[in-house]
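Listed here are the chains, written in short residue letters.
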Amino acid sequence: MNYILFIAAWYPNRNDSMLGLFVQRHAEVLSNKNKIIVLNVVSDIKNKKLIEIENTISKNVDTIIVYYKKYNREVFLITPFLKLIYSLIAYLKGIKLVVKKFGYPRFIHLHVLTFRTGVLAYIIKIMKGIPYVITEHSSYYLPEKGVNRGFIWEFFTRYFSKKSQGITAVSEYLRNAMIKKGFFVNTFEVVRNVVPDYFFRDYIANKNTDKIILSNITCFDDSVKNISGIVKTIGKLKEIRKDFILYLVGDGPDKKKIETMVNTMNLNDFILFTGLLEGEELLKIYQISDFTVLFSYYETMAVVIAESMACGKPVVASGVGGIPELINSSTGLLVRPGDEDDLLNKINLMINDYKNYDSRYIREYAYNLFSEKAIEEQFLRFYSFVINS
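This text gives an overview of the structure that appears in the document.

What counts as what
- Residues numbered from 1 in each chain as written.
- Predicted model: local features only at pLDDT ≥ 70, side-chain atom pairs only at ≥ 80, totals over all residues.
- Heavy atoms only, no water.
- Helix = DSSP H or I, 4+ residues; strand = E, 2+ residues; numbered from the N terminus.
- Rg over C-alpha atoms; globule rule 2.2 N^0.38 Å.
- Buried < 20%, exposed > 50% of the residue type's maximum accessible area, 1.4 Å probe, protein only.
- Areas by Shrake-Rupley, 256 points an atom, 1.4 Å probe, with all protein chains shown as cover.
- Expected span 1.5 Å × (residues − 1).
- Arc of directions from axis to C-beta.
- Contact = heavy atoms within 4.5 Å.
- Polar contact = N/O pair within 3.5 Å; in protein donor to acceptor, adjacent residues only side chain to side chain.
- Pairing = 2+ DSSP bridges.
- Right-handed = clockwise from strand over helix to strand, strands pointing away.

1. Quick word on the overall build of the chain
And step 1. Regarding its fold elements, the chain presents 13 helices and 14 strands.
And step 2. Its C-alpha atoms give the chain a radius of gyration of 22 Å, within 12% of the compact-globule value 21 Å for 389 residues.
And step 3. On the principal axes, the C-alpha backbone points of the chain span a range of 65 × 50 × 40 Å.
And step 4. Residues classed as buried in the chain amount to 55% of the 389 residues present.
And step 5. About 17,600 Å² of surface is accessible on the chain, with carbon and sulfur atoms providing 53% of the total.

Take a look at the structure:
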(Lines give C-alpha, C1' and ligand atoms only; values in the text may rest on other atoms or scores of the structure.)
Protein backbone atom coordinates (compact mmCIF):
# COMPACT_ATOMS: atom_id res chain seq x y z
CA MET A 1 0.00 0.00 0.00
CA ASN A 2 1.44 3.34 -1.09
CA TYR A 3 1.20 6.43 1.08
CA ILE A 4 0.21 9.31 -1.20
CA LEU A 5 -0.20 12.93 -0.18
CA PHE A 6 -2.85 14.81 -2.13
CA ILE A 7 -2.12 18.55 -2.18
CA ALA A 8 -5.37 19.97 -3.51
CA ALA A 9 -5.92 23.59 -4.53
CA TRP A 10 -9.67 22.85 -4.58
CA TYR A 11 -11.42 20.67 -2.01
CA PRO A 12 -14.77 20.68 -0.16
CA ASN A 13 -14.46 22.79 2.98
CA ARG A 14 -16.55 24.51 5.66
CA ASN A 15 -17.39 27.38 3.32
CA ASP A 16 -18.13 25.44 0.13
CA SER A 17 -19.11 21.77 0.24
CA MET A 18 -19.07 21.47 -3.57
CA LEU A 19 -15.67 23.01 -4.35
CA GLY A 20 -13.39 20.32 -5.74
CA LEU A 21 -15.87 17.54 -5.02
CA PHE A 22 -14.35 15.64 -7.95
CA VAL A 23 -10.95 15.74 -6.20
CA GLN A 24 -12.50 14.30 -3.04
CA ARG A 25 -14.03 11.50 -5.11
CA HIS A 26 -10.62 10.68 -6.63
CA ALA A 27 -9.14 10.52 -3.13
CA GLU A 28 -11.90 8.23 -1.86
CA VAL A 29 -11.58 5.82 -4.78
CA LEU A 30 -7.80 5.58 -4.44
CA SER A 31 -8.01 5.05 -0.67
CA ASN A 32 -9.19 1.47 -1.31
CA LYS A 33 -5.64 0.35 -2.14
CA ASN A 34 -3.53 3.31 -0.98
CA LYS A 35 -3.12 5.40 2.13
CA ILE A 36 -4.41 8.81 1.04
CA ILE A 37 -3.84 12.00 3.04
CA VAL A 38 -5.29 15.26 1.71
CA LEU A 39 -3.86 18.72 2.42
CA ASN A 40 -5.87 21.76 1.43
CA VAL A 41 -5.29 25.45 2.25
CA VAL A 42 -8.17 27.94 2.24
CA SER A 43 -8.46 31.67 2.97
CA ASP A 44 -11.39 32.49 5.26
CA ILE A 45 -12.58 35.91 6.35
CA LYS A 46 -14.36 34.29 9.33
CA ASN A 47 -11.12 33.07 10.92
CA LYS A 48 -10.77 34.20 14.52
CA LYS A 49 -7.09 33.30 14.49
CA LEU A 50 -4.45 33.77 11.82
CA ILE A 51 -4.35 30.00 11.24
CA GLU A 52 -7.06 27.44 12.02
CA ILE A 53 -6.73 23.71 11.25
CA GLU A 54 -9.40 21.06 10.71
CA ASN A 55 -8.49 17.37 10.63
CA THR A 56 -11.23 14.94 9.58
CA ILE A 57 -11.45 11.31 8.47
CA SER A 58 -14.08 10.13 6.00
CA LYS A 59 -14.17 7.01 3.81
CA ASN A 60 -10.55 6.10 4.68
CA VAL A 61 -9.30 9.56 3.65
CA ASP A 62 -7.54 11.64 6.31
CA THR A 63 -8.06 15.32 5.41
CA ILE A 64 -6.19 18.31 6.81
CA ILE A 65 -7.60 21.72 5.87
CA VAL A 66 -5.65 24.78 6.97
CA TYR A 67 -7.63 28.04 7.00
CA TYR A 68 -5.72 31.31 7.02
CA LYS A 69 -7.13 34.74 7.78
CA LYS A 70 -8.50 36.58 4.77
CA TYR A 71 -8.71 40.36 4.88
CA ASN A 72 -11.58 41.91 2.98
CA ARG A 73 -9.97 45.30 2.44
CA GLU A 74 -7.67 45.60 -0.57
CA VAL A 75 -4.54 47.70 -0.04
CA PHE A 76 -2.20 48.09 -3.02
CA LEU A 77 0.79 45.70 -2.73
CA ILE A 78 0.22 45.11 0.98
CA THR A 79 -2.83 42.82 0.67
CA PRO A 80 -1.31 40.56 -2.04
CA PHE A 81 1.91 40.35 -0.01
CA LEU A 82 0.03 39.38 3.17
CA LYS A 83 -2.00 36.81 1.24
CA LEU A 84 1.20 35.22 -0.08
CA ILE A 85 2.85 35.16 3.35
CA TYR A 86 -0.23 33.83 5.17
CA SER A 87 -0.84 31.12 2.59
CA LEU A 88 2.81 29.99 2.74
CA ILE A 89 2.59 29.84 6.55
CA ALA A 90 -0.58 27.78 6.19
CA TYR A 91 1.06 25.34 3.76
CA LEU A 92 4.13 24.97 5.97
CA LYS A 93 1.98 24.29 9.05
CA GLY A 94 -0.04 21.80 7.04
CA ILE A 95 3.04 19.94 5.81
CA LYS A 96 4.53 19.95 9.31
CA LEU A 97 1.33 18.37 10.69
CA VAL A 98 1.21 15.80 7.89
CA VAL A 99 4.82 14.72 8.51
CA LYS A 100 4.31 14.63 12.28
CA LYS A 101 1.23 12.42 12.04
CA PHE A 102 2.02 10.24 9.03
CA GLY A 103 5.66 10.72 8.03
CA TYR A 104 6.80 11.55 4.51
CA PRO A 105 4.75 10.16 1.60
CA ARG A 106 5.95 7.85 -1.17
CA PHE A 107 4.96 10.58 -3.59
CA ILE A 108 2.78 13.69 -3.85
CA HIS A 109 -0.28 14.07 -6.07
CA LEU A 110 -1.12 17.71 -6.89
CA HIS A 111 -4.71 18.43 -7.88
CA VAL A 112 -5.00 21.70 -9.82
CA LEU A 113 -1.55 23.16 -10.34
CA THR A 114 -1.03 26.64 -8.91
CA PHE A 115 2.11 28.65 -8.25
CA ARG A 116 1.96 27.90 -4.50
CA THR A 117 1.23 24.17 -4.76
CA GLY A 118 3.87 23.85 -7.48
CA VAL A 119 6.51 25.59 -5.35
CA LEU A 120 5.65 23.40 -2.37
CA ALA A 121 5.85 20.11 -4.28
CA TYR A 122 9.05 21.12 -6.08
CA ILE A 123 10.82 22.15 -2.84
CA ILE A 124 9.85 18.86 -1.19
CA LYS A 125 11.16 16.99 -4.22
CA ILE A 126 14.50 18.83 -4.08
CA MET A 127 14.92 18.54 -0.30
CA LYS A 128 13.53 15.04 0.31
CA GLY A 129 13.66 13.35 -3.09
CA ILE A 130 9.88 12.79 -3.09
CA PRO A 131 8.45 12.85 -6.63
CA TYR A 132 5.14 14.41 -7.54
CA VAL A 133 2.46 14.03 -10.19
CA ILE A 134 -0.28 16.43 -11.27
CA THR A 135 -3.95 16.00 -12.09
CA GLU A 136 -5.50 18.99 -13.80
CA HIS A 137 -9.20 19.87 -13.69
CA SER A 138 -9.06 23.62 -14.32
CA SER A 139 -10.54 25.38 -17.35
CA TYR A 140 -7.75 28.00 -17.14
CA TYR A 141 -5.93 26.34 -20.04
CA LEU A 142 -8.88 26.38 -22.43
CA PRO A 143 -8.51 28.93 -25.25
CA GLU A 144 -12.18 29.94 -25.08
CA LYS A 145 -11.75 31.07 -21.48
CA GLY A 146 -9.08 33.56 -22.55
CA VAL A 147 -7.27 33.80 -19.20
CA ASN A 148 -3.78 35.31 -19.01
CA ARG A 149 -2.03 34.69 -15.67
CA GLY A 150 1.08 36.60 -16.67
CA PHE A 151 4.58 35.61 -17.74
CA ILE A 152 5.97 34.81 -14.28
CA TRP A 153 3.05 32.56 -13.28
CA GLU A 154 3.11 30.67 -16.57
CA PHE A 155 6.91 30.33 -16.62
CA PHE A 156 7.10 28.75 -13.18
CA THR A 157 4.02 26.54 -13.46
CA ARG A 158 5.32 25.22 -16.82
CA TYR A 159 8.62 24.52 -15.10
CA PHE A 160 6.90 22.73 -12.22
CA SER A 161 4.86 20.64 -14.64
CA LYS A 162 7.99 19.53 -16.53
CA LYS A 163 9.67 18.53 -13.26
CA SER A 164 6.75 16.26 -12.35
CA GLN A 165 6.80 12.51 -12.94
CA GLY A 166 3.61 12.70 -14.94
CA ILE A 167 0.35 14.56 -15.54
CA THR A 168 -3.25 13.48 -15.98
CA ALA A 169 -6.07 15.64 -17.33
CA VAL A 170 -9.79 14.94 -17.09
CA SER A 171 -10.36 15.13 -20.85
CA GLU A 172 -8.43 14.82 -24.09
CA TYR A 173 -9.44 18.38 -24.91
CA LEU A 174 -7.89 19.70 -21.69
CA ARG A 175 -4.76 17.63 -22.26
CA ASN A 176 -4.30 19.09 -25.75
CA ALA A 177 -4.96 22.64 -24.51
CA MET A 178 -2.29 22.23 -21.83
CA ILE A 179 0.24 20.89 -24.31
CA LYS A 180 -0.39 23.85 -26.61
CA LYS A 181 0.38 26.16 -23.67
CA GLY A 182 3.65 24.34 -23.01
CA PHE A 183 2.53 22.16 -20.10
CA PHE A 184 3.74 18.69 -20.97
CA VAL A 185 5.82 15.73 -19.83
CA ASN A 186 6.60 12.34 -21.34
CA THR A 187 3.80 10.69 -19.35
CA PHE A 188 0.59 12.63 -19.92
CA GLU A 189 -2.59 10.57 -19.57
CA VAL A 190 -6.33 11.23 -19.61
CA VAL A 191 -8.06 10.03 -16.42
CA ARG A 192 -11.60 11.32 -16.15
CA ASN A 193 -13.55 12.35 -13.09
CA VAL A 194 -15.17 9.51 -11.18
CA VAL A 195 -18.87 8.88 -10.59
CA PRO A 196 -19.60 7.11 -7.27
CA ASP A 197 -21.02 3.61 -7.57
CA TYR A 198 -24.38 4.54 -6.02
CA PHE A 199 -25.23 6.48 -9.20
CA PHE A 200 -25.22 3.21 -11.16
CA ARG A 201 -27.65 1.30 -8.94
CA ASP A 202 -31.30 0.56 -9.61
CA TYR A 203 -33.79 3.39 -9.37
CA ILE A 204 -34.92 4.56 -5.95
CA ALA A 205 -37.17 7.33 -7.29
CA ASN A 206 -39.98 7.50 -9.83
CA LYS A 207 -41.75 10.35 -11.56
CA ASN A 208 -44.99 11.63 -10.05
CA THR A 209 -46.02 13.57 -13.15
CA ASP A 210 -46.95 12.76 -16.74
CA LYS A 211 -44.82 15.64 -17.97
CA ILE A 212 -41.37 15.16 -19.48
CA ILE A 213 -38.74 16.19 -16.93
CA LEU A 214 -35.58 18.01 -17.98
CA SER A 215 -32.84 18.78 -15.47
CA ASN A 216 -29.92 21.18 -15.37
CA ILE A 217 -27.51 20.75 -12.46
CA THR A 218 -25.52 23.95 -12.13
CA CYS A 219 -23.32 26.18 -10.00
CA PHE A 220 -25.38 29.17 -11.24
CA ASP A 221 -22.42 30.97 -12.79
CA ASP A 222 -24.13 32.32 -15.89
CA SER A 223 -20.88 33.45 -17.52
CA VAL A 224 -19.84 29.78 -17.71
CA LYS A 225 -23.03 27.69 -17.65
CA ASN A 226 -25.27 30.00 -19.73
CA ILE A 227 -28.35 29.26 -17.65
CA SER A 228 -29.99 32.41 -19.00
CA GLY A 229 -29.70 30.89 -22.49
CA ILE A 230 -31.55 27.80 -21.28
CA VAL A 231 -34.28 29.94 -19.68
CA LYS A 232 -34.78 31.94 -22.87
CA THR A 233 -34.98 28.71 -24.84
CA ILE A 234 -37.60 27.32 -22.46
CA GLY A 235 -39.57 30.53 -23.04
CA LYS A 236 -39.62 29.70 -26.77
CA LEU A 237 -40.31 26.00 -26.18
CA LYS A 238 -43.48 26.69 -24.16
CA GLU A 239 -44.94 28.39 -27.23
CA ILE A 240 -44.52 25.08 -29.09
CA ARG A 241 -45.53 22.62 -26.37
CA LYS A 242 -46.43 22.53 -22.69
CA ASP A 243 -45.77 18.91 -21.74
CA PHE A 244 -42.49 19.44 -19.88
CA ILE A 245 -40.84 20.77 -16.70
CA LEU A 246 -37.25 21.90 -16.20
CA TYR A 247 -35.58 21.46 -12.81
CA LEU A 248 -32.75 23.91 -12.12
CA VAL A 249 -30.65 22.28 -9.40
CA GLY A 250 -27.96 24.04 -7.39
CA ASP A 251 -26.92 27.36 -5.96
CA GLY A 252 -24.48 30.09 -6.87
CA PRO A 253 -23.82 33.77 -7.61
CA ASP A 254 -26.38 34.22 -10.38
CA LYS A 255 -29.28 32.28 -8.90
CA LYS A 256 -31.29 35.38 -7.94
CA LYS A 257 -30.74 36.81 -11.41
CA ILE A 258 -32.10 33.63 -13.00
CA GLU A 259 -35.04 33.49 -10.57
CA THR A 260 -35.94 37.07 -11.51
CA MET A 261 -35.66 36.17 -15.19
CA VAL A 262 -38.00 33.20 -14.75
CA ASN A 263 -40.55 35.37 -12.91
CA THR A 264 -40.37 38.14 -15.49
CA MET A 265 -40.92 35.67 -18.35
CA ASN A 266 -43.82 33.97 -16.50
CA LEU A 267 -42.11 30.59 -16.63
CA ASN A 268 -42.81 29.47 -13.06
CA ASP A 269 -45.04 26.63 -14.31
CA PHE A 270 -42.22 25.32 -16.50
CA ILE A 271 -39.04 25.96 -14.46
CA LEU A 272 -38.64 24.84 -10.86
CA PHE A 273 -35.73 25.63 -8.52
CA THR A 274 -34.70 22.88 -6.10
CA GLY A 275 -31.75 24.57 -4.38
CA LEU A 276 -28.49 22.76 -3.70
CA LEU A 277 -28.90 18.97 -3.62
CA GLU A 278 -26.25 16.38 -2.78
CA GLY A 279 -25.97 12.62 -2.45
CA GLU A 280 -29.26 10.70 -2.52
CA GLU A 281 -31.35 13.84 -3.13
CA LEU A 282 -29.32 14.71 -6.22
CA LEU A 283 -29.49 11.10 -7.41
CA LYS A 284 -33.30 11.23 -7.21
CA ILE A 285 -33.37 14.24 -9.54
CA TYR A 286 -31.31 12.41 -12.14
CA GLN A 287 -33.51 9.33 -11.81
CA ILE A 288 -36.83 11.13 -12.27
CA SER A 289 -35.44 13.19 -15.16
CA ASP A 290 -36.01 11.98 -18.70
CA PHE A 291 -32.83 13.75 -19.85
CA THR A 292 -30.30 16.36 -18.78
CA VAL A 293 -29.55 19.70 -20.46
CA LEU A 294 -26.23 21.57 -20.39
CA PHE A 295 -25.56 24.78 -22.36
CA SER A 296 -22.11 25.79 -21.11
CA TYR A 297 -19.74 28.12 -22.93
CA TYR A 298 -16.81 25.93 -21.91
CA GLU A 299 -16.14 22.76 -19.90
CA THR A 300 -13.13 20.58 -19.17
CA MET A 301 -15.22 17.40 -18.78
CA ALA A 302 -18.67 18.16 -17.26
CA VAL A 303 -19.33 15.83 -14.32
CA VAL A 304 -23.06 16.46 -14.77
CA ILE A 305 -22.98 14.55 -18.05
CA ALA A 306 -21.14 11.62 -16.46
CA GLU A 307 -23.62 11.45 -13.57
CA SER A 308 -26.62 11.67 -15.89
CA MET A 309 -25.29 8.84 -18.06
CA ALA A 310 -24.56 6.75 -14.96
CA CYS A 311 -28.32 6.91 -14.31
CA GLY A 312 -28.98 5.79 -17.88
CA LYS A 313 -30.22 9.19 -19.02
CA PRO A 314 -29.40 10.80 -22.39
CA VAL A 315 -27.98 14.31 -22.55
CA VAL A 316 -28.47 17.47 -24.61
CA ALA A 317 -25.26 19.51 -24.28
CA SER A 318 -23.23 22.17 -26.04
CA GLY A 319 -20.31 20.75 -28.00
CA VAL A 320 -17.54 22.45 -26.04
CA GLY A 321 -14.37 21.27 -24.31
CA GLY A 322 -14.35 17.57 -23.48
CA ILE A 323 -18.11 17.10 -23.99
CA PRO A 324 -17.92 15.80 -27.62
CA GLU A 325 -15.62 13.02 -26.30
CA LEU A 326 -18.53 11.73 -24.21
CA ILE A 327 -21.62 12.15 -26.38
CA ASN A 328 -22.41 10.03 -29.40
CA SER A 329 -25.60 9.19 -31.28
CA SER A 330 -26.48 6.59 -28.63
CA THR A 331 -25.98 8.82 -25.59
CA GLY A 332 -27.35 12.24 -26.55
CA LEU A 333 -27.33 15.28 -28.78
CA LEU A 334 -24.72 18.00 -29.23
CA VAL A 335 -25.70 21.67 -29.55
CA ARG A 336 -23.76 24.46 -31.21
CA PRO A 337 -22.31 26.60 -28.38
CA GLY A 338 -24.43 29.66 -27.59
CA ASP A 339 -26.95 28.86 -30.34
CA GLU A 340 -30.36 29.07 -28.64
CA ASP A 341 -32.24 28.11 -31.81
CA ASP A 342 -30.19 24.93 -32.07
CA LEU A 343 -30.77 24.24 -28.37
CA LEU A 344 -34.50 24.68 -28.90
CA ASN A 345 -34.49 22.23 -31.81
CA LYS A 346 -32.40 19.64 -29.93
CA ILE A 347 -34.51 19.82 -26.74
CA ASN A 348 -37.68 19.48 -28.79
CA LEU A 349 -36.16 16.54 -30.66
CA MET A 350 -35.08 14.86 -27.40
CA ILE A 351 -38.54 15.29 -25.86
CA ASN A 352 -39.92 13.39 -28.85
CA ASP A 353 -37.19 10.73 -28.94
CA TYR A 354 -35.82 10.19 -25.42
CA LYS A 355 -37.71 6.89 -25.03
CA ASN A 356 -35.79 5.51 -28.01
CA TYR A 357 -32.45 5.74 -26.17
CA ASP A 358 -31.22 2.52 -24.58
CA SER A 359 -30.86 3.31 -20.88
CA ARG A 360 -28.94 0.09 -20.23
CA TYR A 361 -26.40 0.90 -22.94
CA ILE A 362 -25.92 4.46 -21.65
CA ARG A 363 -25.31 3.20 -18.11
CA GLU A 364 -22.83 0.55 -19.27
CA TYR A 365 -21.05 3.12 -21.44
CA ALA A 366 -20.74 5.43 -18.41
CA TYR A 367 -19.58 2.58 -16.17
CA ASN A 368 -16.67 1.82 -18.48
CA LEU A 369 -15.63 5.48 -18.49
CA PHE A 370 -16.40 6.90 -15.03
CA SER A 371 -16.98 4.12 -12.49
CA GLU A 372 -14.88 3.77 -9.36
CA LYS A 373 -13.40 0.55 -10.76
CA ALA A 374 -12.46 2.14 -14.09
CA ILE A 375 -10.87 5.26 -12.59
CA GLU A 376 -9.06 3.32 -9.86
CA GLU A 377 -7.49 0.99 -12.43
CA GLN A 378 -6.34 3.91 -14.60
CA PHE A 379 -4.73 5.72 -11.67
CA LEU A 380 -3.07 2.54 -10.37
CA ARG A 381 -1.45 2.00 -13.78
CA PHE A 382 -0.35 5.63 -13.79
CA TYR A 383 1.04 5.35 -10.23
CA SER A 384 2.86 2.13 -11.13
CA PHE A 385 4.74 3.95 -13.84
CA VAL A 386 5.60 6.81 -11.45
CA ILE A 387 6.96 4.40 -8.84
CA ASN A 388 9.01 2.44 -11.34
CA SER A 389 10.40 5.39 -13.28
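2. Side note on helix α12 (residues 359–370)
Along an α-helix, a turn takes 3.6 residues, which lines up residues three or four apart on a common side.
And step 1. Over its 12 residues, α12 runs 16 Å from end to end, which matches the ideal 16 Å to within 8%, given 1.5 Å per residue.
And step 2. Those residues of α12 not exposed but buried are Ile362, Arg363, Tyr365, Ala366 and Phe370. For α12, the angular spread of the buried residues around the axis is 160 degrees, confining them to a single face. For α12, the exposed residues lying more than 90 degrees away from the buried face are Arg360, Glu364 and Asn368.
And step 3. Close packing links the buried residues of α12 with α10 (303–310) and α13 (372–388).
And step 4. Residue aspartate 358 occupies the N-cap position of α12, its side-chain oxygen lying 3.0 Å from the main-chain nitrogen of arginine 360.

3. Re the pairing of strand β6 (residues 132–136)
And step 1. The buried count for β6 comes to five of five residues, which makes it a mostly enclosed element.
And step 2. Side chains Tyr132, Ile134 and Glu136 of β6 all project onto a buried face; the interleaved residues Val133 and Thr135 project onto the opposite face, where all are buried too.
And step 3. Strand direction decides the pairing type here: strand β5 (residues 107–111) and β6, joined by four bridges, are parallel. Residue histidine 111 lies in a different strand from β6, and its bridge partner there is threonine 135.
And step 4. Each parallel crossover has a hand, and for β5 linked through helix α3 (residues 115–128) to β6 it is right-handed.
And step 5. Pairing of β6 with strand β7 (residues 167–169) involves three bridges; the strand directions are parallel.

4. Considering the pairing of strand β9 (residues 212–218)
And step 1. Burial runs high along β9: seven of the seven residues are buried.
And step 2. Side chains of β9 alternate between two faces, with Ile212, Leu214, Asn216 and Thr218 and Ile213, Ser215 and Ile217 buried alike.
And step 3. Note that β9 and strand β10 (residues 244–250) share seven bridges and pair parallel. Across the sheet, leucine 214 pairs through a bridge with leucine 246, a residue of β10.
And step 4. Pairing of β9 with strand β12 (residues 291–294), which is carried by two bridges, proceeds in the parallel orientation. Bridging across to β12, leucine 214 finds its partner in phenylalanine 291.

5. Topic: the environment of asparagine 268
And step 1. Position of asparagine 268 among the secondary structure elements: in the loop between α8 (255–264) and β11 (271–275).
And step 2. For asparagine 268, a relative accessible area of 39% puts it in the partly exposed group.
And step 3. Along the chain, asparagine 268 and isoleucine 245 lie 23 residues apart, while their C-alpha atoms are 9.6 Å from each other.
And step 4. With sequence-adjacent residues up to four places away left out, asparagine 268 is seen in contact with Val262 and Asn263.

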